[in-house]
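Fold and contact review
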Amino acid sequence: MSNFKIKSMKTASVFTGRCKMYRILLALALLLILQNLKIVGAVWRYGFIVEDERLVSINKVVILSHSNEQGGPVIAGWSVPPGCTVQGDPTKVPLLTCASEGYHRVAPLFKEEGYQEEERYIYVSKSYFTFAWYAVIPFNGFLEGGRKILRMWLIDPEQAEFSEIVKGSNYPSQHSYYLSINFHNLGQFPIVTLPDSTQKIYGHFTGYGFKDPRMVYVVPHGYISVPPWGFLEVSDAILLDDGIIFLMYDMLLWRSHRDKVLQIRPEIFFTGVRGMVQRTTCLADHPSQEGVDYGKVLVWTDDTVYIGGSRFTSPHSDGKYFKRLARSRMGGSFRTVAFGSDPNKIAILIMDSYYMVYLYMFNLKTLEFTPKHLLSKIAPDQILRGHIRMRFYESSKESFLMWNETMMWYSFRDDSISGTLSLPGFRDLSTAAGRSWIHEVVIDQNWNLLVKMSNNVVFFCKYGVTKLVRLARWILPSSPASLYSNANKLSFVVSHQDRPVKAYYYPLHLETLSAMFGGDYSCAYVTFKHNMKKYYYLDKGQENAFWAQLVYFEWKGVTIQVLRSNKALLDFDLSRDFELVHQVFTMNMTIKATQKKDFTSEPNYDLEMSLSQGIVRVEVMPNLIGNKCELPRNRVSYFSVGCPPNRHLRVTKHMTRSILQLDTYQFGYSLRPWGVKCEKKTFHNFTIPGSVLRTPQADDVVVIYDWEKYGCVFRMHYKAAFRPDFDLYDGDTFVRTVHSNFVVWEINGRTDFSYNTTMYQAGCLRDAQTWDSILKTTRYPVEQAWGPGIYKSCFVLDDATLGDMNRPYEIMNRSFSNSLTFSKEDSAHYIFTARIVDPNYSFCDLRATFAVQTFGISKPKYEYLILYVTLSFTFICLSILGYAYFKYVQIFRDLQEKKKHS
């Protein structure tokens, strides 16, 4: 046994010696090769007349350019395939045109031998899309209310004037003008979609082109005042609606868009700042949740995390811009913070005193911490290499990237898929980029991930793909630069070396196609699209339907998957149908989202209401995604389950023969009844007899009628039965007519009205609820006493007592004849409030107020004459009696005096 060990050790040492020898020989060989082949610090680029890579088509111009470091090689020409030609001086700005479709290899040639650069395979299409939109906001294009005019027209890049090419024209050239007219005559017009919005704006044609008078958001800009001693070192910056927050060293400084002065402000000033991050998703139209501050900016120190809003000039109640979110305990420190895939959550990376790192999700609504398990799969020494950053994708489940200076990790769908994001053949990105470090990570609106290294090497992959692709170099290694993607889905490389700072258009799609040409890259499907909107609002019983379509080749194993959060809030019904033509499948999926929960028999209605509301994030995407695949821009939709914003009831009049009169139409529209003209302010107040109140009293009550609040009055004959009907609206948008059960009460406490249907006539199987029975068993006032939480149908047989079924049935419905009847003693004024009591109708507390004025009761002609005659006769009699009394007393006194004298 010992002999075997000795032999094994000898074999191992011999093997190690041979490996060292091979390494030395390999290094010498590489050195000899590099002496003959010099890779210089130089790059070449290409561009277009107009910044749109979709215009790269047959016989269209591609502008080539070349730049190198000082002492670099001199370019001699360009290597292009047959069918392509290069015109012009190769050392200046040559123009490339290709007469055939497909990939074309292009590379520069040098006068010196041994020099070479990366070749590119430029894809030229045969697209007929050769025109581009030009848009400008004119200097005098301001309208009322702060709106601006966006003027647009079509240009042909090769026929446009120079001012249109450099974006300096306010009016179309003659060629562009007639081109736009031709499109207008053919029925073509622009449709403008605002960033992160589903709103579409349709332009109309004028003498200066197409335009649309809508507000366009323009980011102000300006220069920072530089102190006399030189430049300030900026670690990070956050762009707000009204200014910029700069992180310099470990403190925060403010620069307003208005005065453009860098200053220290007490609203944000504190030291020890370790980092800050900005929310990358737009929440302008996001369904808000009560009590949740989503925020736009996160700032953290060693032991505290703060959150701030989108405007510096809108501070919190304490006058501070930031609000404290969380503090660390047990000696832990915050390493990095990020906004989560769920707008309600933020991610916090904490390191304890033993250098152990933990990742938690902090819920802005519940203020609770939940651990994430990605870090359990990563060695702690790998995480703590340099500054750590995180970036979350917009996704149905938590999906994010985390990176330090050398490595990048991914976690998709709540840690169900996780690992290291790398270039095949390399263990980390630093090694793949020649010992560089990660400088910047960008995710654009087409779900492209770009990782830029400090030496300007760029890696690429699509969302959900775990293998990176290295792109050809676009900027010299020694040039400081950064990546930028704007709202128009255009990518740029910003050069910090130029003065002023210059942005170079970056044809990302063509660059990725070139980098993947000839490699093992493919997409499992041909096209994928859907018609999902960004935001949906679902009330009880509502249904929203949308579709998705996937076209793919046979036997690819691809399908459409629907991922969602908060599954208990919504029910999804998926239906698929297939079509096969020449081995190409088309899958059409119909998706229906519905809220089906039954609240009728819930013992704790309010609790179930709270638990059944929330936001569901829905993600529709293919199950197989590659770097060559195209994904829809809107891949995640937000379903807000609850009361839609501005949902309310509008009162309509149930027209029957018993309704005898409406007010004369004179003074325009009123709020109630909706759409009915009426004469307003025909009376100022009215009197309610104290005897008809719910709590009778001796004094009558005088009520001032608020015409602005209650609007028009329904004028009804006192013998007519009246049933109000309601329509449901979201703002001014009609939703549907209301056929649900509702109850009414008179807001001033009148009780001299009734109903024309009894419980027996309604078909009740048990004692129905009434206002008297409700108020006897509750401590709430009338306004809150009877609602969906305590509603019980009398058409469901249970153990309830069977009382007097000849009492009025006090619940009304549009499809039922039960109506209100009014006092027959005197003409009266009523102000009613109606409330929906069906527990399965809406998450909203739906109420509507309307007023009724009865007429038709006339007093007898001599009703008051009898009273006056009676009072007059009584007065005369009393006067005669009084006179007779005093006369008798006087006579009696005279007789008494005579007797005394006699």
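Cut-off values and rules
- Residues numbered from 1 in each chain as written.
- Predicted model: local features only at pLDDT ≥ 70, side-chain atom pairs only at ≥ 80, totals over all residues.
- Heavy atoms only, no water.
- Helix = DSSP H or I, 4+ residues; strand = E, 2+ residues; numbered from the N terminus.
- Contact = heavy atoms within 4.5 Å.
- Areas by Shrake-Rupley, 256 points an atom, 1.4 Å probe, with all protein chains shown as cover.
- Pairing = 2+ DSSP bridges.
- Axes fitted to C-alpha atoms, helices over the stretch in contact; angles between N-to-C directions.
- Core = buried A, V, L, I, M, F, W, Y, C linked by side-chain atoms within 4.5 Å.
- Buried < 20%, exposed > 50% of the residue type's maximum accessible area, 1.4 Å probe, protein only.
- Salt bridge = Lys/Arg side-chain N within 4 Å of Asp/Glu carboxyl O.
- Disulfide = S-S within 2.5 Å.
- Phe/Tyr/Trp six-rings, centres within 6.5 Å; stacked < 30°, edge-to-face > 60°.
- Lys NZ or Arg CZ within 6 Å of the ring centre and 35° of its normal.
- Expected span 1.5 Å × (residues − 1).

Focus: the overall build of the protein chain
If you tally the helices and strands in the protein chain, you get 12 helices and 55 strands. Within the protein chain, counting contacts between residues at least 6 apart in sequence, those at least 24 apart form 60% of the total. Accessible area of the protein chain: about 49,000 Å², with a carbon and sulfur share of 55%.

A look at the sheet that holds strand 15 (residues 243–248)
The 4 strands lie next to each other as 14-15-16-17, forming an open sheet whose pairing is antiparallel. Looking along the sheet, the strands with just one partner apiece sit at the ends: strand 14 (236–239) and strand 17 (262–263). When strand 15 meets strand 16 (residues 251–256), the two strands line up antiparallel, connected through 6 bridges. When the bridges of strand 16 are listed, Gly-243 appears paired with Ser-256.

Remarks on the sheet that holds strand 34 (residues 481–485)
Taken in spatial order, the 3 strands line up as 34-35-36 in an open sheet, and their pairing is antiparallel. Two strands lie at the open edges of the sheet, namely strand 34 and strand 36 (502–506), each paired on one side alone. Going across the sheet, the axis of each strand differs from the next one's by a mean of 30°, ignoring polarity. Note that strand 34 and strand 35 (residues 491–495) share 5 bridges and pair antiparallel. Its bridge partner lying in strand 35, Ser-485 is registered against Ser-491.

Section: the nonpolar core
In this structure, Leu-449, Phe-459 and Val-620 are the most contacted members of the largest nonpolar core, which totals 59 residues. In this structure, Val-620 is in contact with Phe-528, His-530, Met-532, Phe-546, Ala-548, Ile-560, Gln-561, Val-562, Ile-591 and Arg-635, ignoring residues within four places of it in sequence. One finds Phe-48, Ile-122, Trp-474 and Leu-483 within the second-largest nonpolar core, a separate group that totals 31 residues.

With respect to helix 6 (residues 508–516)
By the criterion of burial, helix 6 is predominantly enclosed, with 7 of the 9 residues buried. Leu-508, Leu-510, Glu-511, Thr-512, Leu-513, Ser-514 and Met-516 are the residues of helix 6 that are buried. Positive phi shows up at Gly-518, right after helix 6, with a value of about 80°.

What to know about the pattern of salt bridges
The tally for this structure, following the rule as stated, stands at 24 salt bridges. Residues joined by salt bridges that share partners form a network here, namely Lys-372, Asp-414 and Asp-415.

Focus on the state of the cysteines
A full pass over the atoms with the stated rule returns 4 disulfides. Put simply, Cys-523 and Cys-629 are joined by a disulfide, and their sulfur atoms are 1.9 Å apart. Taking the torsion about the sulfur-sulfur bond, which here is approximately 115°, the covalent link between Cys-523 and Cys-629 counts as right-handed. In this pair, Cys-523 is assigned in the loop between helix 6 and strand 37 (527–530) and Cys-629 in the loop between strand 43 (614–622) and strand 44 (636–641), connecting sequence segments 106 residues apart.

Considerations on the side chain of Ser-491
Take Ser-491: it is sitting in strand 35. In contact with Ser-491, not counting residues within four places along its chain, are Asp-444, Tyr-484, Ser-485, Tyr-504, Tyr-505, Tyr-506 and Leu-508.

Brief notes about the pairing of strand 55 (residues 847–855)
In terms of residue burial, strand 55 counts as a mostly covered element, since 8 of its 9 residues are buried. Sheet topology note: the strand 48 (residues 713–717)/strand 55 ladder contains 5 bridges and is parallel. Residue pairing in the sheet places His-717 in a bridge with Phe-855 of strand 55. Bridge count for strand 54 (residues 829–836) against strand 55 is 7 bridges, and the pairing is antiparallel. Its bridge partner lying in strand 55, Tyr-830 is registered against Val-852.

Re unusual backbone geometry
Of note, Trp-555 is a non-glycine position whose phi angle comes to about 65°, a positive value. Locating Trp-555 in the fold gives a position in the loop between strand 39 (543–553) and strand 40 (560–564). Trp-555 sits in the exposed class, given a relative accessible area of 76%. Phi at His-582 is positive, roughly 50°, even though this residue is not glycine. In this fold, His-582 is placed in the loop between strand 41 (571–581) and strand 42 (584–594). Among the residues examined, His-582 registers a relative accessible area of 76% and is labelled exposed.

Here's the deal with the packing of aromatic side chains
Under the definition given, this model contains 57 aromatic pairs. When the ring of Tyr-536 is compared with that of Phe-639, the centres are 4.6 Å apart and the planes differ by 10°; the resulting orientation is stacked. Of the two residues, Tyr-536 is situated in strand 38 (residues 535–538) and Phe-639 in strand 44; the sequence distance between them amounts to 103 residues. Assigned by exposure class, Tyr-536 and Phe-639 land together as buried. Among the aromatic side chains, those forming a connected cluster through ring pairs are Trp-44, Tyr-46, Phe-48, Trp-78, Trp-474, Tyr-484, Phe-492, Tyr-505 and Tyr-506. The ring of Phe-599 carries the charged tip of Lys-540 above its face, separated from the ring centre by 4.2 Å. A cation sits over an aromatic face here: Lys-540 above Phe-843, 5.2 Å from the ring centre.

Some details on helix 3 (residues 174–185)
The terminal C-alpha atoms of helix 3, which comprises 12 residues, lie 17 Å apart, in line with the 16 Å expected from a rise of 1.5 Å per residue. Every buried residue belonging to helix 3 is among Ser-176, Leu-179, Ser-180 and Ile-181, and all of these are buried. Where helix 3 ends, the next residue or the one after it, Gly-187, has phi of about 80°, a positive value.

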